[in-house]
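# Structural features, examined
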Amino acid sequence: VQLVESGGGLVQPGGSLNVSCAASGFTFSSYGMTWYRQAPGKEREFIARIFATGGLRWYADSVKGRFTISRDNVNNTVYLQMNSLKPEDTAVYYCKVDLGAQTFWGQGTQVTVSS
């Protein structure tokens, strides 16, 4: 199983960024995918989850209305579109998949929101 995040970078407050997570090594279309983030000195926190078919999505209150999770089951990729970014969104963003009793994480992609 491999999860590879990309698309992070430096963006000004109010700006947008779309990060992605390319998955391989499992039947992507059969599993829900989740985004987390971890800011310096803080615990990793849940951001958004999308179920296997893409029909059901959950969001943390802190990002609801600003972030959108989506998935492409043909290209085995999950996305996180982030709009109206704030300095407090600065963190390393990770994708995660639970395969039965095993949990797999990507290496993360850094998102920095600063003027």
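So, here's what we can say about the structure. (Residues numbered from 1 in each chain as written. Predicted model: local features only at pLDDT ≥ 70, side-chain atom pairs only at ≥ 80, totals over all residues. Heavy atoms only, no water.)

## Topic: the overall build of the protein
Where we set the bar: Strands here are runs of E lasting at least two residues and helices are runs of H or I lasting at least four, both read from the DSSP assignment and numbered beginning at the N terminus. Here the globule rule reads 2.2 Å times residues to the power 0.38, and the radius of gyration is calculated from C-alpha atoms. Exposure classes here rest on a 1.4 Å probe applied to the protein chains alone. A residue is buried below 20% of its type maximum, exposed above 50%, and partly exposed in between. Here, two residues are considered to be in contact whenever any of their heavy atoms come within 4.5 Å of each other.
When its secondary structure is counted, the protein shows zero helices and 11 strands. Ordering the α and β elements of the protein from the N terminus gives β-β-β-β-β-β-β-β-β-β-β. For 115 residues, the compact-globule formula gives about 13 Å, and the C-alpha radius of gyration of the protein, at 13 Å, lands near that figure. Overall size of the protein, expressed as C-alpha extent along the three principal axes, is 40 × 25 × 25 Å. Relative to its full complement of 115 residues, the protein shows a buried share of 43%. Long-range contacts, defined as pairs at least 24 residues apart, comprise 51% of the intrachain contacts of the protein with a sequence gap of at least 6.

## Re the nonpolar core
Note that soluble globular proteins tend to have their nonpolar side chains buried in a common cluster. Operational definition: Only buried residues count toward a nonpolar core, which is a set of Ala, Val, Leu, Ile, Met, Phe, Trp, Tyr and Cys residues joined through side-chain atoms within 4.5 Å.
One finds Met-33, Trp-35, Leu-80 and Met-82 to be the most contacted residues of the largest nonpolar core, which totals 29 residues. Those elements giving two or more residues to this core turn out to be strand E3 (17-24), strand E4 (33-38), strand E5 (45-50), strand E7 (67-72), strand E8 (77-82), strand E9 (91-99) and strand E11 (109-113).

## Looking at the side chain of Ser-20
Along the polypeptide, Ser-20 turns up in strand E3. Every residue in contact with Ser-20, bar those within four places of it in the chain, is listed here: Val-4, Glu-5, Ser-6, Trp-35, Thr-77, Val-78 and Tyr-79.

## Some details on unusual backbone geometry
Positive phi values are uncommon outside glycine, yet Asn-76 reaches one of about 55°. The residue Asn-76 is located in the loop between E7 and E8 in this model. A positive phi is found at Ser-84, a non-glycine position, where the angle reads about 50°.

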